[in-house]
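Structural overview
The lines below spell out each chain.
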Amino acid sequence: MAEMPNAGCNDAPLLAAEGLSKNYGRLTACRDVSFVLYPGEVLAIVGESGSGKTTLLQMLSAQLVPTSGRVSYRMRDGVLRDLNALGEAERRFLFRTDWGYVHQDPAQGLRMAVSAGANVGERLMAVGWNHYGRIREAASSWLERVEIDTARIDDAPRTYSGGMRQRLQIARNLVTEPRLVFMDEPTGGLDVSVQARLLDLMRSLVGELGLAAIVVTHDLAVARLLSHRVMVMKGGRVIETGLTDQVLDDPHEPYTQLLVSSILPP
Amino acid sequence: MYVAVKGGERAIENAHRLLAHERRGDRDVPEVSLDQISGQLGLAVDRVMSEGSLYDRELAALAIKQARGDLIEAIFLVRAFRATLPRLGATEPIDTGAMRVRRRVSSTFKDIPGGQILGPTFDYTHRLLDPQLANGFVPDEPATADTPSAPTPRVTDILGRDGLIEPSPQQEGAPVGDLTREPLSFPADRDLRLQNLARADEGFLLAMGYSTQRGYGRNHPFAGEIRFGEVEVEFFAEDVGFAVPLGAIAVTECQMVNQFKGSVTEAPCFTRGYGLAFGQSERKTMSMALVDRALRARELGEEALAPAQDEEFVMSHSDNVQATGFVEHLKLPHYVDFQSELGLLRKLRTEFAERANDAGPLQEAAE
Amino acid sequence: MTTPAYNFAYLDEQTKRMIRRAILKAIAIPGYQVPFASREMPMPYGWGTGGVQVTAAILGPNDRLKVIDQGSDDTTNAISIRKFFAKTAGVATTASTTDATVIQTRHRIPEAPLHAGQVLVYQVPIPEPLRFLEPRETETRRMHALAEYGLMHVKLYEDIARFGHIATSYAYPVKVNARYVMDPSPTPKFDNPKMDNCPALQLFGAGREKRIYAIPPHTKVVSLDFEDHPFTRYRFDAPCALCGAEDAYLDEIVTDDAGSRMFVCSDTDYCEGRQAAGHRGRESAAPHKDRAHG
């Protein structure tokens, strides 16, 4: 069970979604989603495929323009900005420094043909680190932190297993100490035992670094382990939301009950 | 004892003289004339004019002769010449609907107003080498008929009357880009894309078009119409206040009818691909139309995953003059850069050998 | 059939004006690639059309033109280009680096230091330093606009991880005026330091790729590296066999079937000048009497 973040340290919301909707012609992928995310808080967006959760994640991370509604983010200087009003330069800069994005398929979030060390070091180099030895050291210590054998620092992720690639992707995202990490089915496609280890790692990192995160998943176990709050989506709408333990222990909506009851016992 | 090589200039002069000699060939054999090239190798001339972007049969024939039959070399000659010509302005758009049709076929309808006119075509010939053509062959007089008085409307206009095909985009007065005057940048609008395709290498477009048919960005093409014939070229003269005819040119036009598409607000209709070239150039115009349609993927909301749909890829590599220049430039001396690479390689090999030496004795001990 | 009368230096005045506008813009933004509408020239794309267009746009009747390729005035393409300008512009040509007012070059910077008032025109095949890391023009344009050069450093990092050194020996990327990363054209990295704080104007023309860029005189040009793996010039093991120069870039000449080699200055004007002044290397006989020019 994830612990509540230290409520006293920062009361201002980090991310706020207001009335987010996305239509594709006659198809409504996402309808009227609103919520607020605080620093250090992990929110899980749970639903089956077609629920609209991925569309929502894309809008929240400014990769998709909403048909209506707004996403606001509090920048490092404390100012709350409408994501769609940001210039491209600002958006790209956010993506490289203040945000992380963990793809379901690690190959999409890594440079597969480039060494692990370079993958982790890239963001550092992008913000001006200019000492090979120090970049390598930083990369090496992050590899250790995500439990990758540092002897493999010069290997390309092409030679890594699925679980290792995902851990490398996480390291690559966390190296600039972002405040908000988006995760899209971060354990999807991995063996069950590998998933468990990865989730443990993610939970401890998120706790240590005080990260806020929005995790999209169809897997309630992932939500239970990682998140403080959960939003259940069906047919593009949020049908239930609340503290993770409360929603999962005592679901109100029939659909949520269905999801909860279909988790296989461990 | 080494003496630095000199005499590069004389070598070049001698090489060019040798080239001119080879070009003329056996002096006892009659020299090929420009009339012969233009008249009897007309399709080569058509291609050189299209890709050279200059309508002048005599100049194109000269280029082919000077290039010893290498069509891309001939195209280069024409382009280089074109670059020296003063630009007087732009003509009125040609009206292919008013074409004096010599060939006109449509695969979308069995019969159409104006009829299916086969014209001079290789289609349906049996590809058997004909030794009769080797010399002195006099062909029969062709069949004649009265010029049809019925109008020959474009098939796409017929479909368009019922709204079955998307209308040709109308942008009265909008400035047309000119890729010979402005540097190309991406994403590019359709006017620049079509200009790029019009002068593109026929083989490249053929391969790209073919790839769409084989599934790399399939767009379900039908040949709505292919027409070949003469069109008037007119130029708006300021002083007299109307368009003055300059003459007629032969062009081939291909309109492909492609995969239909609609949206929430618009009823579905067929989409278009367009091809246009000088002379009788069917392969070129058909390929061009296929690639034009493929490149419209973005604006038609289609996923653009195939090479023929990749605007930057297609347009950056379609110009054979640029392509051959860069490929063939590898013949130029590169020994200075090669020297740098040699130096680096030797250094790395030395270091590799040193490391192997250091590792050597330890390895033996381990074993 | 009418043959056209060519304008001075082949290009018409309007085209020259267009190119000069691009050049001025390039000078105003050092290291930034300015797109221009490259014309078809009478030599193929890839064979120096960009350099030729730049030279044609700036050449005046009183200029003295030097053209070199691989450092030599006598290589085939240098001769061809020099003859082109002699024919279409009637300008004086020279092999002397110090006497020239405009120097068009492929793949080398002359050894003799340049002075104020000279223009060095480089022939560039691929202007984009990021091209081999990112083939899309739309993406590299954005990277330059946002000064996103992380990918370039990734490449350098990889080289060091794999080879222990930065494995670029020519066309070594530089940062110009602390802002734009630029490809200096395929000159050996040996020549990079000459670009920094150079008294002459340096212009770069890429005809096929349709870009012009520039380094104004006395601009800071720094080769990319890491603090702990600083840029080093490549040094040869021996001096020039003809003139004894120890600080020049050398060509390797294979002299017999057994693989014997000797090393000779790539810059022919520099080497001949040194020999004329009495310097000798191991292998030299009398200095060459005929100096090649168009």
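For the structure given in this document, a descriptive report is provided here. Throughout this document, residue positions are counted from 1 along each chain, in the order its sequence is written. To label them, take the chains in the order written and letter them from A, then take the ligands in the order written and number them from 1. Only residues with pLDDT of at least 70 get local features here, since the model is predicted, and only at 80 or more are side-chain atom pairs given and counted; chain-wide, interface and lining totals rely on the full set of residues.

1. Remarks on helix α6 (residues 268-276) of chain C
Residue and element names in this part refer to chain C. Heads up, the rule is: Any residue with 12 or fewer other C-beta atoms within 10 Å of its own C-beta is exposed, any with 20 or more is buried, and the rest are partly exposed; the C-beta atoms used are placed from the backbone. Under the DSSP-based scheme used, a helix requires at least four consecutive residues in state H or I and a strand at least two consecutive residues in state E, with every element numbered from the N terminus. Two residues qualify as a contact pair if the distance between their C-beta atoms, derived from the backbone, is within 7 Å.
For α6, a buried count of eight out of nine residues is recorded, marking the element as mostly surrounded by other parts of the structure. Inspection of α6 places Thr268, Asp269, Tyr270, Cys271, Glu272, Gly273, Arg274 and Gln275 among the buried residues, and these make up the whole buried set. For α6, the secondary structure elements touched by its buried residues are β12 (261-265). Positive phi appears at Gly278, one or two residues downstream of α6, with a value of about 105°.

2. Structural notes on the sheet that holds strand β7 (residues 180-182) of chain C
Residue and element names in this part refer to chain C. The condition is simple: Two strands qualify as a pair provided DSSP detects at least 2 bridges between them. An axis is simply a line fitted to the C-alpha atoms; with a helix, the fit covers only the stretch in contact. Between two such axes, the angle follows the N-to-C directions and lies from 0 to 180 degrees.
Judged by pairing direction, the sheet is antiparallel, and its three strands sit side by side in the order β7-β6-β10 without closing on themselves. Of all the strands in the sheet, just β7 and β10 (221-223) have a single pairing partner and so form its edges. In this sheet, neighbouring strand axes are inclined to one another by 30° on average, regardless of whether the strands run parallel or antiparallel. Relative to β10, strand β6 (residues 174-176) is paired through three bridges, and the arrangement is antiparallel. Paired with Val174 across the two strands is Ser223, which belongs to β10.

3. Thoughts on the nonpolar core
Our working definition: As used throughout, a nonpolar core is a set of buried Ala, Val, Leu, Ile, Met, Phe, Trp, Tyr and Cys residues joined through C-beta atoms within 7 Å of each other.
A:Ile45, A:Ala213 and C:Ile23 are the most contacted members of the largest nonpolar core, which totals 130 residues. In this structure, A:Ile45 is in contact with A:Lys53, A:Leu56, A:Leu57, A:Ile214, A:Val216, A:Met231 and A:Met233, ignoring residues within four places of it in sequence. In this structure, B:Leu59, B:Val78, B:Ile165 and B:Met208 belong to the second largest nonpolar core, which totals 48 residues.

4. With respect to the sheet that holds strand β1 (residues 15-24) of chain A
Residue and element names in this part refer to chain A. As summarised here, the arrangement of the four strands in space is β2-β1-β4-β5, forming an open sheet in which the pairing is antiparallel. The outermost strands of the open sheet, each flanked by one partner alone, are β2 (27-37) and β5 (80-82). Averaged over all pairs of adjacent strands, the angle between strand axes in this sheet comes to 20°, irrespective of strand direction. Sheet topology note: the β1/strand β4 (residues 68-74) ladder contains five bridges and is antiparallel. What sits directly across from Ala16, in β4, is Ser72. Helix-sheet contacts for helix α1 (residues 53-60) involve β1, β2 and β4, and the interaxial angle to β1 is about 125°.

5. Let's talk about the interface of chain C and chain B
Using the following cut-off: Residue classes follow a fixed rule: Ala, Val, Leu, Ile, Met, Phe, Trp, Tyr, Cys and Pro count as nonpolar, while Asp, Glu, Lys and Arg count as charged, and any other residue, Gly among them, counts as polar.
The interface of chain C with chain B comprises 51 residues on the first partner and 41 residues on the second. When residues of the side of chain C that touches chain B are traced back to their parent elements, those giving at least two are α3 (76-89), α4 (137-145), β11 (250-254) and β12 of chain C. Examining the composition of the side of chain C that touches chain B, we find that four residues originate from one element, α3(C), more than from any other. Split by residue class, the side of chain C that touches chain B holds 23 nonpolar, 14 polar and 14 charged.

6. Quick word on the pairing of strand β8 (residues 201-206) of chain C
Residues and elements named next belong to chain C. Burial analysis of β8 places six of its six residues in the buried class, which makes it a mostly covered element. Residues Leu201, Leu203 and Gly205 line one face of β8 and the alternating positions Gln202, Phe204 and Ala206 line the opposite face, and both faces are buried. Relative to β8, strand β5 (residues 119-123) is paired through five bridges, and the arrangement is parallel. For Val121, the partnering residue across the bridge sits in β8 and is Leu203. Where β8 and strand β9 (residues 211-215) come together, five bridges link them in antiparallel fashion.

7. Describing unusual backbone geometry
Here the bond from B:Phe186 into B:Pro187 is cis, since omega is -5°, no more than 30 degrees from zero. In this structure, B:Pro187 sits in the loop between α6 (155-161) and α7 (190-198). Located in the positive-phi region is A:Asp32, a residue other than glycine, with phi close to 50°. Along the chain, the position of A:Asp32 falls in strand β2. One non-glycine residue, B:Tyr124, lies in positive phi territory at about 70°. Take B:Tyr124: it is sitting in the loop between β1 (100-105) and α6.

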